[in-house]
Amino acid sequence: MLFNSFEFLIFFPVVTALYFLFPYKFRWPLLLIASCIFYMLFVPIYILILLVTILIDYVAAIYIEKTEGHKRKFYLVISIISTCVVLFIFKYFNFFNDNIRLLAEVAHWNYSVQSLKILLPIGLSFHTFQSLSYVIEVYRGNQKAEKHFGIYALYVMFYPQLVAGPIERPQNMLHQFYEKHNFNYDDVTYGLKRMLWGYFKKVVIADRLAIYVNAVYNNSSHHNGTTLFVATLFFALQIYCDFSGYSDIAIGSARVMGFKLMTNFNRPFFSKNISELWRRWHISLSTWFNDYLFTPIVVALRSWGKLAVVFAVLVTFAVSGLWHGAGWPYVVYGLLHGIAVAYEFLTKKIRKKIFKNLPELVVKVTSTFLTFTFICFTYIFFRAATFTQATSIVHKILFDHGKLFIAENNWLMIYASVFLSILFISDFIEEYGSLKSLAFYNNKNLFIRHLSYCSLVIIILLFGVFDKNQFIYFQF
């Protein structure tokens with residue numbers, strides 16, 4: 001089920017109302033059943049894949065907790081391998097198989113393994129990582145193994161964040177399913193406001209920008225560098241509004257029922273460098289990689305000194321790129337960010353000396369602009385279907401300029417400018433706390449606040465794109 005569908009507009013209030021009406025002991029079964037229904041409206045049979053991974057990690061965590069020594073590590077390894085095998089088969093088998101086939105052709109080997117004709121279960125990477133964080137935290141002794149199978153299943157399947165995060169940790173979520181959440185006016189209003197803002201970003205901005213981006217990128221060979229530059233800029237804004245919009249709806253819908261999910265975005269395009277970007281963008285994923293991949297590599301190779309950090313950064317970002325998609329453009333996207341972060345780590349002291357005599361405002365504005373420019377450049381590889389297409393687009397942006405392509409809907413640029421201005425002003429006010437008195441959405445004045453709610457609802461109804469466009473990160 002999509003958040004931006006008519007079905008969800010019925011599903012959400014019904015489930016929420018029943019949640020508060022049901023006695024406490026029946027609430028977790030209600031949420032589990034509702035989450036199963038939510039997921040099964042995509043591809044029903046794939047619920048069995050989720051069930052298998054849930055069973056594996058549920059049993060493994062119990063054995064990890066009650067055993068010692070090498071047996072604990074054995075159960076951890078079995079759990080990680082079993083969970084990752086499922087992810088590999090559905091998401092990465094064809095990618096690696098195709099590359100092995102190409103290598104075999106070059107080497108004149110006889111290789112006849114056929115690609116699998118299967119669909120990728122929606123959100124598989126997200127709930128795989130959430131399951132992995134659980135067994136790892138149990139192994140580390142930071143989390144007790146969950147004995148209640150239903151509660152653990154709900155931890156993995158909780159519908160607001162089931163298919164695109166935030167990727168939660170057991171320490172934050174498991175205990176919340178045991179708590180009795182009474183109807184709370186502040187939680188409900190906060191949640192609904194967060195959802196409304198998320199819908200504005202998704203259906204008004206992201207899906208409208210997608211019209212132009214898709215028209216250009218799907219026929220990139222027919223467009224010049226000027227048009228491709230604008231489409232790339234639009235895609236950076238599209239993916240931010242699409243994914244942060246999803247996170248807002250997820251966090252908001254959970255908060256209405258009293259559940260607090262972790263923050264996933266913190267105005268990332270105000271970042272002054274790439275390291276800061278990854279502290280603000282998809283926070284649940286970047287912290288996951290930091291805790292479970294980057295830090296263990298650095299610790300294991302600590303005798304290498306700075307080289308250990310650089311190596312860990314490159315490996316982490318390469319894997320992060322591959323996490324986003326089974327294709328070389330995604331790997332290049334990840335490596336570009338890894339190289340940038342490694343560069344920032346190695347030159348931190350030198351850059352500090354260079355910039356210390358420059359006006360702070362100049363440094364901040366310049367750094368933010370250069371960071372955003374680099375982000376847009378890397379998104380060419382993220383959005384392009386192939387590495388060849390990506391390099392062709394880069395070449396055109398640099399050397400082939402001409403008249404800007406205007407979409408069939410001539411109002412698209414005007415809409416985009418107006419609604420992006422609303423988003424930018426709102427984020428700018430939030431970024432600089434001293435300006436919060438100017439906020440319209442969270443204004444202390446009751447009239448201004450309610451006027452902003454009504455205005456957003458009207459804008460969504462009049463200018464939203466209601467074609468049930470999937471959220472971009474669903475494919476990951």
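Preceding this section is the structure that the text describes.
Here the structure is a predicted model, which is why all the values come from computation and not from measurement. (Residues numbered from 1 in each chain as written. Predicted model: local features only at pLDDT ≥ 70, side-chain atom pairs only at ≥ 80, totals over all residues. Heavy atoms only, no water.)

A. The arrangement of the overall build of the protein chain in detail. Counting its secondary structure elements, the protein chain contains 18 helices and zero strands. Here the C-alpha atoms of the protein chain give a radius of gyration of 23 Å, agreeing with the 23 Å that 2.2 N^0.38 yields for 476 residues. Here the protein chain holds 476 residues, and 52% of them are scored as buried. When contacts within the protein chain are restricted to residue pairs at least 6 apart in sequence, those whose partners lie at least 24 apart make up 74%. (Helix = DSSP H or I, 4+ residues; strand = E, 2+ residues; numbered from the N terminus. Rg over C-alpha atoms; globule rule 2.2 N^0.38 Å. Buried < 20%, exposed > 50% of the residue type's maximum accessible area, 1.4 Å probe, protein only. Contact = heavy atoms within 4.5 Å.)

B. The arrangement of the side chain of Asn-264 in detail. Mapped onto the fold, Asn-264 is located in the loop between helix H9 (225-256) and helix H10 (274-280). Side chain to side chain, Asn-264 and Ser-284 meet in a polar contact 2.8 Å long. (Polar contact = N/O pair within 3.5 Å; in protein donor to acceptor, adjacent residues only side chain to side chain.)

C. View of the nonpolar core. In this structure, Phe-8 and Phe-158 are the most contacted members of the largest nonpolar core, which totals 133 residues. Per element, the largest residue contribution to this core is 17 residues, and it comes from H9. Those residues in contact with Phe-8, other than ones at most four positions away along the chain, are Met-1, Leu-2, Phe-3, Pro-13, Phe-38, Tyr-159, Met-195 and Tyr-199. (Core = buried A, V, L, I, M, F, W, Y, C linked by side-chain atoms within 4.5 Å.)

D. Representation of the environment of Tyr-432 in the model. With respect to the helices and strands, Tyr-432 occurs in the loop between helix H17 (412-431) and helix H18 (446-463). Judged by relative accessible area, which is 29%, Tyr-432 ranks as partly exposed. Once residues within four sequence positions are removed from consideration, Tyr-432 is found in contact with Phe-270 and Lys-364.

E. Up close: the packing of aromatic side chains. Overall, the coordinates contain 63 aromatic pairs when judged by the stated rule. Ring centres of Tyr-240 and Trp-281 lie 6.3 Å apart, and the angle between their planes is 40 degrees; on these two criteria the pair is classed as tilted. Taken together, the residues span a long stretch of sequence, with Tyr-240 in helix H9 and Trp-281 in the loop between H10 and helix H11 (283-300) at a distance of 41 residues. When sorted by exposure, Tyr-240 lands in the same class as Trp-281, which is buried. Positioned over the ring face of Tyr-190 is Arg-255, at 4.5 Å from the centre of the ring. (Phe/Tyr/Trp six-rings, centres within 6.5 Å; stacked < 30°, edge-to-face > 60°. Lys NZ or Arg CZ within 6 Å of the ring centre and 35° of its normal.)

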